Amino acid sequence: MQKNLSPMIVNRSENGPFMKEPDFERALSKRTAELVKQYGLKFNPQTPIPSDDDMADRLYQAGVDLFVELGVFNQTTERRILFTREEVEDLMGMVRNKVVLGVGKDAVVMRHREVEGSTPAVVLSGPTGTPCSEKNHPLILLSCAQEPLVDMLGAGSVSTYMGNPIIPGSPLEILGARRDAAVARDAVRKAGRPGMHISDVAMPLTCQGKMAAVDPDFGLRRSDAFLVSQMVELKTSYDQLSRAAYLQGIGMHIVDLMTPLIGGLGGGAEGTAVVTIACHILGVVLYAASYHMMSHTHMRWVNNTDRMGLWMQSIVGQALSRNTPIPALNDIYCVSGAGAEELLWEVAAGAVAGTPSGMNMQGAGCTGGFKTDHTTGLEARFIAEVSHACLGITRQEANELVVELLSHYEKTFNEPNRGMPFPEVYDENTVEPKEIWLEKYNKVRDAVIKMGLDLDGGWRKVKHG
Amino acid sequence: MANIRDEIREGLRDALTNGDSERSEKLTYNALEQGVLPLDLIQQVIVPTLTKIGQDFQDFAIFLPELMASGDTAEKVTAILEEVMVSSGQNFSSLGIVVIGTVENDVHDIGKNIVSTLLRSHGFKVIDLGRDVAPSAFLDAAQKEKADIIAMSSLMTTTRPSTRSTINLFTEVNQRGQYKFIIGGGCITQDWANEIGADGYAPDAASAVELCKSMMEVI
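Please read all numbers here as calculations on a predicted model, not as lab measurements.

Trainee: I keep staring at the sheet that holds strand 16 (residues 328–333) of chain A and nothing clicks. Help me out?
Mentor: Within a beta sheet, neighbouring strands are joined by backbone hydrogen bonds and run either parallel or antiparallel to one another. Residues and elements named next belong to chain A. The parallel open sheet is built from 8 strands, whose spatial order is 9-6-5-17-16-14-12-10. Across the chains shown, the open sheet's two edge strands, defined by having one partner strand only, are strand 9 (197–198) and strand 10 (225–229). Two strands pair when backbone bridges link them, and strand 6 (residues 152–153) and strand 9 are joined in this way by 2 bridges, in the parallel orientation. Within strand 9, the position partnered with Leu153 by the bridge is Ile198. In this fold helix 11 (residues 341–354) packs onto strand 16 and strand 17 (360–365), with an angle of close to 160° to the strand it touches most, strand 16.

Right, dumping it as structure tokens:
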């Protein structure tokens with residue numbers, strides 16, 4: 001099969017079965033529910049980190065079935081893009097199991113990770129999913145880029161340009177995209193890591209806005225990446241496919257962004273997990289993604305650190321790890337914000353859940369995206385420390401840890417602690433965490449060490465062997 | 001006029017909850033044959049059942065597929081009752097007319113779809129304009145449909161300003177006072193609603209229904 005599938009994808013987009021979008025959604029919901037039953041998938045809230053290899057494999061098969069039977073809905077043509085099982089198997093088999101991200105001394109290799117294996121996770125951080133102000137955005141990015149255990153930077157999103165709201169499709173979107181890319185480039189330079197991989201400039205909504213951020217000198221380069229999105233669930237459009245075609249054409253990394261909603265069209269955790277497997281297949285087959293960003297959220301709380309979200313991260317990670325070669329990445333999305341103890345408990349649970357389940361790390365998404373500037377680099381440091389300390393633990397051990405970690409924050413979901421904006425928890429001149437934030441970090445860190453995780457030795461082992 | 005028998009009441013409640021259209025329609029016809037007034041069926045069975053379903057969805061006791069199935073079923077039943085009422089010369093009035101859409105440049109519509117489903121199932125007439133809706137499209141639809149309420153959804157901070165520009169357009173053409181404006185979505189807060197002069201903000205789908213009901217009381 002050819003590497004450039006665009007002609008075939010367009011052909012199938014134009015000639016695939018016609019379907020109205022609401023009918024596609026109903027069909028997806030119905031078939032997903034049937035597959036959950038058929039494959040005997042069961043979420044148990046007492047076991048957010050399951051150790052059931054067979055269920056992980058059944059989940060993968062359910063996801064393949066859903067993808068093959070339903071296909072992908074192209075919103076532009078209102079037609080389904082269908083692939084045969086053989087095509088899916090061929091394309092999944094051709095995926096690279098590792099990818100070099102960034103350049104020079106700052107490059108990292110994101111790898112396919114094994115369940116309970118010894119390959120360390122790489123850590124992507126930045127305010128992706130948490131809005132930033134123009135004023136604080138450069139400092140927030142620097143606070144993440146300068147963290148030694150953070151491997152890659154996400155440039156995040158600012159919704160104004162010189163105080164003016166950015167209207168998508170307007171010149172301000174172009175200028176804002178170029179500004180955000182330049183700010184991210186400047187952050188990695190200031191951090192002494194000019195070759196660090198930058199994963200997306202999130203603000204622009206249009207294709208031209210994204211393209212405007214490509215600039216080898218002052219913006220994003222071929223060693224960086226842009227997200228190409230899926231619309232919930234299993235939907236794409238010519239706009240998104242065009243982004244993928246452009247990025248593939250210039251040799252830039254493509255990140256497959258999926259945002260499955262727990263409680264949404266897939267139903268509960270089991271059905272949403274099935275949909276999420278199919279979403280990863282979409283990212284391989286339609287987008288030729290270098291890596292996949294799983295950013296599932298609970299429909300009510302807008303996080304994935306609840307029991308359903310953690311279970312989904314774990315079982316999807318295991319299913320992908322056991323059945324595909326892809327490098328998978330989970331976006332730890334939290335209800336709490338910077339400066340709140342609960343945020344550290346939440347990210348710790350996310351890191352413990354993902355590490356033995358085959359996931360690479362991303363985070364932290366803070367406050368469910370509700371509060372501007374409530375995000376810093378310190379929680380990213382904690383994600384990395386916890387993940388590296390977890391390397392090699394069993395899923396059963398992870399489950400025990402996660403259940404304990406949950407007890408520190410899950411009761412706050414209905415009235416979350418959104419924390420404080422960046423200037424209240426970081427010194428704006430030195431870009432170092434203030435005592436008020438460090439005290440909480442040290443308190444939670446000590447408690448996690450007492451739970452048995454070697455936060456001091458773990459990262460040293462990963463970085464120094 | 002006849003009282004609603006328990007087996008009809010319970011059966012219809014159960015069929016609506018399970019999204020069983022065939023059974024719901026059959027029970028509705030049975031009730032009508034027994035002389036039950038359409039309005040009684042709506043007020044005593046359909047609305048309370050759908051209110052409970054909406055609450056269950058809010059509490060995460062059921063998920064979107066179940067909500068959608070119940071909403072579709074309720075729509076079919078309501079269509080039957082509406083036809084009977086109209087053909088017998090009765091006035092079938094909705095709770096109000098809501099023009100709803102996801103604002104310009106925003107393609108995220110699942111939250112808006114849920115609100116539409118719940119509003120319809122509670123007896124509102126809903127004109128759903130879909131996603132990426134330009135301010136002028138809201139204006140055209142509001143005038144054409146004689147709307148009571150304009151409901152706008154936005155997920156992204158970059159598309160949020162379109163809620164303001166839509167209200168501003170209505171003000172510019174001297175139509176602002178004709179309608180109530182409500183907003184919701186991932187990036188929307190009460191503060192933003194206050195800032196742009198919206199009449200109401202709903203943090204979730206269930207409260208959007210309550211908000212629309214309260215808006216209709218003051219119209």
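Trainee: Whenever I open this one, the side chain of Thr166(B) confuses me. Can you help?
Mentor: Turning to its location among the elements, Thr166(B) is positioned in helix 7 (residues 161–172). Apart from the residues within four sequence positions on either side, Thr166(B) is in contact with Pro135(B), Phe138(B) and Met152(B).

Trainee: Quick question: what am I supposed to make of the interface of chain B and chain A here?
Mentor: How large an interface is tends to be reported as the accessible area lost when its parts come together. Chain B puts 22 residues into the contact, and the matching count from chain A is 28 residues. Among the residues chain B hides against chain A, the three largest losses belong to Phe60(B), Ile110(B) and Thr158(B). Together they make up 28% of the total. If you look at where chain B meets chain A, you find 2 salt bridges. Across the salt bridge formed by Asp72(B) and Arg26(A), the nearest N and O atoms sit 2.5 Å from each other. At the boundary of chain B with chain A, the tally comes to 4 residue pairs in polar contact (both at pLDDT 80 or more). Every element with two or more residues in the side of chain B that touches chain A is listed here: helix 3 (38–58), helix 4 (64–87) and helix 5 (110–121) of chain B. Here the element with the most residues in the side of chain B that touches chain A is helix 4 of chain B; it accounts for 4 residues.

Trainee: Quick question: what am I supposed to make of helix 6 (residues 135–145) of chain B here?
Mentor: Because each turn of an α-helix spans 3.6 residues, side chains separated by three or four positions in sequence point in the same direction. Residue and element names in this part refer to chain B. Turning to helix 6, its buried residues are Pro135, Phe138, Leu139, Ala141 and Ala142. Looking at the buried residues of helix 6, the elements they touch are strand 1 (97–102), strand 3 (149–153) and helix 7. Two residues or fewer past helix 6, Lys146 is found with a positive phi of approximately 55°.

Trainee: So what exactly am I meant to see when it comes to the nonpolar core here?
Mentor: When a protein is soluble and globular, its nonpolar side chains tend to lie buried together. All names here are of chain A. If you look at the biggest cluster of nonpolar residues, it comprises 131 residues, and the most contacted ones within it are Leu59, Phe67, Leu153, Leu234 and Leu286. It is helix 9 (residues 269–285) that provides the largest number of residues to this core, a total of 11 residues. Filtering out sequence-adjacent residues up to four positions away, Leu234 remains in contact with Phe24, Leu28, Leu66, Phe67, Gly71, Val72, Phe73, Ala278, Cys279 and Leu282. Within the second largest apolar cluster, 54 residues are counted, among which are Val352, Leu401, Phe422 and Leu455.

Trainee: It is not clear to me how helix 4 of chain B should be interpreted in this structure. Could you clarify?
Mentor: An ideal rise of 1.5 Å per residue puts 34 Å on 24 residues; helix 4 of chain B measures up with 34 Å between its terminal C-alpha atoms. Among the residues of helix 4 of chain B, those classed as buried are Leu64(B), Pro65(B), Leu67(B), Met68(B), Ser70(B), Gly71(B), Thr73(B), Ala74(B), Val77(B), Ile80(B), Leu81(B) and Met85(B). The elements touched by buried residues of helix 4 of chain B are helix 2 (21–38) of chain A together with helix 1 (6–17), helix 2 (21–33), helix 3 and helix 5 of chain B. At the exit of helix 4 of chain B stands Gly89(B), carrying a positive phi of roughly 80°.

Criteria and thresholds
Residues numbered from 1 in each chain as written. Chains lettered and ligands numbered in written order. Predicted model: local features only at pLDDT ≥ 70, side-chain atom pairs only at ≥ 80, totals over all residues. Heavy atoms only, no water. Pairing = 2+ DSSP bridges. Helix = DSSP H or I, 4+ residues; strand = E, 2+ residues; numbered from the N terminus. Contact = heavy atoms within 4.5 Å. Axes fitted to C-alpha atoms, helices over the stretch in contact; angles between N-to-C directions. Buried area = accessible area lost by both parts, 1.4 Å probe. Salt bridge = Lys/Arg side-chain N within 4 Å of Asp/Glu carboxyl O. Polar contact = N/O pair within 3.5 Å; in protein donor to acceptor, adjacent residues only side chain to side chain. Buried < 20%, exposed > 50% of the residue type's maximum accessible area, 1.4 Å probe, protein only. Core = buried A, V, L, I, M, F, W, Y, C linked by side-chain atoms within 4.5 Å. Expected span 1.5 Å × (residues − 1).

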